[in-house]
Amino acid sequence: MLQSTAPEVDAAPKPTEERESSVLAPLTVPVFRQIWIANLFGNLGTWAQSVAVAWVITAAHASPIMVAMVQVASAMPLVVLSIATGVLADNYDKRKIMLVGQVVEMAGAIFLTALAFVGTLDPTLLILAVLWISLGSAITVPAWQSAVGEQVPHRMVSSAVLLNGVNYNVARAVGPALGGLLLSVLAPSWVFLVNTISYVGLIAALWYWQRELPVRTLPPERMGEGVVAAMRFTWNSTVTRLAMLRSFMFGFTASVIWALLPLVARERPDGSATLYGYMLGTLGLGAILGSVLVPLLRRLLGSSRLISAAAFTLAVMLLLLGYAGSLAVIMPALGVAGACWIAALTEYNANVQLLVPDWVKGRALALYQTALYAGLAIGSFLWGHLAETMGVSGAILSAAVTMGITAFLMYHSQFPQFDAGSVKPAMRPGDKRPVLAFDHERGDVVMAIEYVIAPEQAGEFMALADDLRHLRLRNGVRYWGLYRDVRRGEIWREVLLIESWLQHLRMLDRMTLADKALIDRARTLHQGSEPPKVTVSVAYDSMPSATDMT
């Protein structure tokens, strides 16, 4: 059971599992290839702009907190809005949502470019423009992440996630160098203009993507109920909770690199925008080279052990970054840090992509991203504050020690083993239409399932209870209980309280093959020739009033 509270952890994946494909295989899929190439140019523009942004605010002699606030502004919309945009991604056309997000981002880039050309760009307005661009990113990211499985076959998802990471890091390697080169001969406004133009290709690629929309038999979830459903699922899902916890702590500690690297470059005798660009480029290059090793290391260590190894290694690299005086040491340390970064983030993303059902995937990825960027935002602010009191090296040392401790504490927290196909939707049985007339969106629904269990099998049936409870709650049940008849000890009743008939139908739609397998295990313990008796009742307040009935 993928989402159980006591999952079988991921040692090296089993040979029969369809998790692996060639790293380059997704590029043979035309849709993925076109979007990937357009996204590469978009990422190049974004990273070239990031160098200009960081150097403009640093050259203005802003305080370390103001420098770190750039990272906070980049992360905060993703923290605040991702769950809401995740609900949209799970219920509406992902392509249209991504187009809206990209247009918002481009509008923010135009605003930043215009401010720079008219000469009114100060640190406060710059941070506001970054916040605007990040708002568009918050709209785009959940739909973008969850759409990977619609662009490539399921067996290629891990490779597609890795290639998207490579895309990002190729741009991180080349984009900062491009930005530094442009800054050495042109004003920052021209770098901002290059980034603005880079959105055109990606918007065009998304516009011409002809995706096959899934058939929906139920109306889209409202925002409130979609958020509540995501929270219930997360509370009862080992995969999502673990991805959120570990990514938050990783982002919290690793954020020291992005928050303070401009200050590391500025404090050196040869500090310049070009050096900062080279440092970012080295991080990106390390991530590219590290991505080649990720599939091999995953096979050798398993996903969770790979994440832990990346965290321990990154802690050591932070120590070198903070206290090694020579660029001959700092640059290789940044390269290894980039490899650790892509290894950890690829594994977090791939586990959520593969181990979470489609109906909630956008929200699960949004919650994972929220946890990651919350860690980045909080960590950036903290390390920026500590840099003012302890110095840059002291703040980096604090982050390195914290990362080592958290990696040790979470070493035994592991993701479940991958089970191909278990999160695919189960075949829904034909529902008997209710004979009563009632409001399908109002009034509680009580579902009771009556089992006949022999006394000698009662212990085995009770052992399934916890997994059954999490399954029901994960799929939308408000209350779950298991009761034994006091007069007839062989009778057991599973009782489910659901918010409405519509939510009852959603619960049936959300059933996966793994869920069905667990329910079938419970039903095999049922005695008698007839299947377990199921009764479904609706609350009186969903019925028409007495006057309406007459």
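Only a predicted model underlies this, so the values are computations on that prediction, with no experimental measurement involved. (Residues numbered from 1 in each chain as written. Predicted model: local features only at pLDDT ≥ 70, side-chain atom pairs only at ≥ 80, totals over all residues. Heavy atoms only, no water.)

Enquirer: Hey, could you run me through the overall build of the chain in this one?
Expert: A tally of helices and strands in the chain yields 18 helices and four strands. The buried share of the chain, reckoned over its 550 residues, is 56%. Counting only contacts in the chain whose residues sit at least 6 apart along the sequence, the fraction spanning at least 24 positions is 85%. Carbon and sulfur atoms form 66% of the exposed surface of the chain, whose accessible area is close to 23,300 Å². (Helix = DSSP H or I, 4+ residues; strand = E, 2+ residues; numbered from the N terminus. Buried < 20%, exposed > 50% of the residue type's maximum accessible area, 1.4 Å probe, protein only. Contact = heavy atoms within 4.5 Å. Areas by Shrake-Rupley, 256 points an atom, 1.4 Å probe, with all protein chains shown as cover.)

Enquirer: Sorry, what's going on with the packing of helix α4 (residues 123–146) against helix α13 (residues 361–409) here?
Expert: To characterise two packed helices, one gives the angle between the axes of the helices and the distance between these axes. Axis separation between α4 and α13 bottoms out at 8 Å; the angle between their running directions is 125°. Classified by the angle between their axes, α4 and α13 sit oblique to one another. The handedness of the crossing between α4 and α13 is right-handed. Here Val-141, Pro-142, Gln-145 and Ser-146 of α4 lie close against α13, whose contacting residues are Lys-361, Gly-362, Leu-365, Ala-366 and Gln-369. By residue class, the composition of the contact of α4 with α13 is four nonpolar, four polar and one charged. (Axes fitted to C-alpha atoms, helices over the stretch in contact; angles between N-to-C directions. Parallel < 35°, antiparallel > 145°, perpendicular 65-115°, else oblique. Left-handed = near helix turned anticlockwise from the far one by under 90°. Nonpolar A, V, L, I, M, F, W, Y, C, P; charged D, E, K, R; others polar.)

Enquirer: Before we go on, may I ask you to explain the pairing of strand β3 (residues 491–498) in this structure?
Expert: Walk down a regular strand and you will see the side chains alternate between the two sheet faces. Alignment of strand β1 (residues 445–452) against β3, held across eight bridges, turns out to be antiparallel. Bridging from a neighbouring strand, Ala-448 pairs with Val-495 of β3. Both strand β2 (residues 479–484) and β3 contribute to a ladder of six bridges, which runs antiparallel. Within the sheet, the bridge partner assigned to Gly-481 lies in β3 and is Val-495. With antiparallel pairing between neighbouring strands as the criterion, β2 and β3 make up a hairpin whose turn holds six residues. (Pairing = 2+ DSSP bridges.)

Enquirer: Whenever I open this one, the sheet that holds β3 confuses me. Can you help?
Expert: The antiparallel open sheet is built from four strands, whose spatial order is β2-β3-β1-β4. The open sheet has two edge strands, β2 and β4 (533–538), and neither has a second partner. With strand direction ignored, the average angle separating the axes of adjacent strands in the sheet is 15°. The strands that helix α16 (residues 501–509) touches are β1, β3 and β4; relative to β3, the one it contacts most, it runs at about 115°.

Enquirer: Looking at this model, I keep getting lost on the pairing of β1. Mind explaining?
Expert: Summarising the sheet, β1 and β4 pair through six bridges and their orientation is antiparallel. In the strand pairing of β4, Ala-448 is matched with Thr-535.

Enquirer: Mind showing me how you'd approach a nonpolar patch on the surface here?
Expert: Together, Phe-312, Leu-319, Tyr-323, Leu-397, Val-401, Ile-405, Phe-408, Leu-409 and Tyr-411 give the surface a local cluster of nonpolar side chains, amounting to about 870 Å² of exposed area. Put simply, the parts of the chain that give the nonpolar patch at least two residues each are α11 (303–323) and α13. If one sorts the elements of the nonpolar patch by residue count, α13 sits on top with five residues. With respect to the helices and strands, Tyr-323 occurs in helix α11. (Patch = residues over 30% accessible without salt bridge, like charges linked within 9 Å, V, L, I, M, F, W, Y side chains within 5 Å. Salt bridge = Lys/Arg side-chain N within 4 Å of Asp/Glu carboxyl O.)

Enquirer: For this particular structure, what's the right way to read the pattern of salt bridges?
Expert: Pairing of side chains with opposite charge becomes possible as their charged atoms draw close. With the rule as written, the count across this model stands at 17 salt bridges. The residue Arg-363 makes a salt bridge to Glu-221 at a minimum N-O spacing of 2.9 Å. In this pair, Arg-363 is assigned in helix α13 and Glu-221 in the loop between α7 (188–207) and α8 (223–235), connecting sequence segments 142 residues apart. For the pair Arg-363 and Glu-221, a shared accessibility class is recorded, and that class is buried. One salt-bridge network, held together by shared partners, links Asp-90, Glu-221, Arg-363 and Arg-510.

Enquirer: What is the right way to read the nonpolar core from this model?
Expert: Soluble globular proteins: nonpolar side chains tend toward being buried together. Formed by 123 residues in total, the largest nonpolar core has its most connected members in Phe-250, Ile-257, Leu-260, Leu-261, Met-279 and Leu-314. Those residues within four positions of Met-279 in sequence are excluded, and the remaining contacts are Leu-261, Val-264, Ala-265, Arg-268, Leu-327, Ile-330, Met-331 and Leu-334. Listed in part, the 28 residues of the second largest apolar core include Leu-468, Trp-492, Ile-519 and Leu-525. (Core = buried A, V, L, I, M, F, W, Y, C linked by side-chain atoms within 4.5 Å.)

Enquirer: Looking at this structure, how should I read helix α9 (residues 238–267)?
Expert: Because each turn of an α-helix spans 3.6 residues, side chains separated by three or four positions in sequence point in the same direction. Between the first and last C-alpha of α9 there are 44 Å, a value that for 30 residues agrees with the 44 Å anticipated at 1.5 Å per step. Among the 30 residues that make up α9, 24 are buried, leaving the element largely enclosed by the rest of the structure. (Expected span 1.5 Å × (residues − 1).)

Enquirer: Just checking my understanding: could you explain the confidence of the model for the chain for this structure?
Expert: Detailed reading of the predicted coordinates is not advisable wherever pLDDT is low. Summarising the model, the chain shows a mean pLDDT of 82, and 90% of its residues fall at 70 or more. Within the model, pLDDT remains below 50 along residues 1–18, and this stretch shows 56 contacts once partners closer than five positions in the same chain are excluded. (pLDDT = per-residue confidence, 0-100.)

Enquirer: How should the packing of aromatic side chains be read in this particular structure?
Expert: Describing an aromatic ring pair means giving the distance of the ring centres and the angle of the ring planes. Applying the stated criterion to the full structure yields ten aromatic pairs. With 6.2 Å between their ring centres and 15° between their planes, Phe-248 and Phe-252 make a pair best called stacked. Taken together, the positions of Phe-248 and Phe-252, both in helix α9 and four residues apart, correspond to about one turn of that helix. You can call Phe-248 partly exposed: its relative accessible area is 26%. The rings of Phe-250, Trp-341, Tyr-348 and Tyr-368 are connected pair by pair, giving a single aromatic cluster. One Lys or Arg, Arg-95, reaches over the ring of Trp-207 and ends 5.8 Å from the middle of that ring. One residue, Arg-510, lies across the ring of Trp-359, its end atom 4.0 Å from the ring centre. (Phe/Tyr/Trp six-rings, centres within 6.5 Å; stacked < 30°, edge-to-face > 60°. Lys NZ or Arg CZ within 6 Å of the ring centre and 35° of its normal.)

Enquirer: Is there a simple way to explain the packing of α9 against α13 in this structure?
Expert: Packing of α9 against α13 brings their axes to within 4 Å, and their N-to-C directions diverge by 40°. The angle between α9 and α13 falls in the class oblique. Between α9 and α13 lies a crossing of right-handed hand. Of the residues that constitute the contact of α9 with α13, the class distribution is 29 nonpolar, eleven polar and one charged.

Enquirer: What exactly am I supposed to notice about the side chain of Gln-353 here?
Expert: Residue placement: Gln-353 occurs in helix α12 (residues 327–355). With sequence-adjacent residues up to four places away left out, Gln-353 is seen in contact with Gln-145, Ser-146, Val-148, Val-157, Val-161, Lys-361 and Leu-365.

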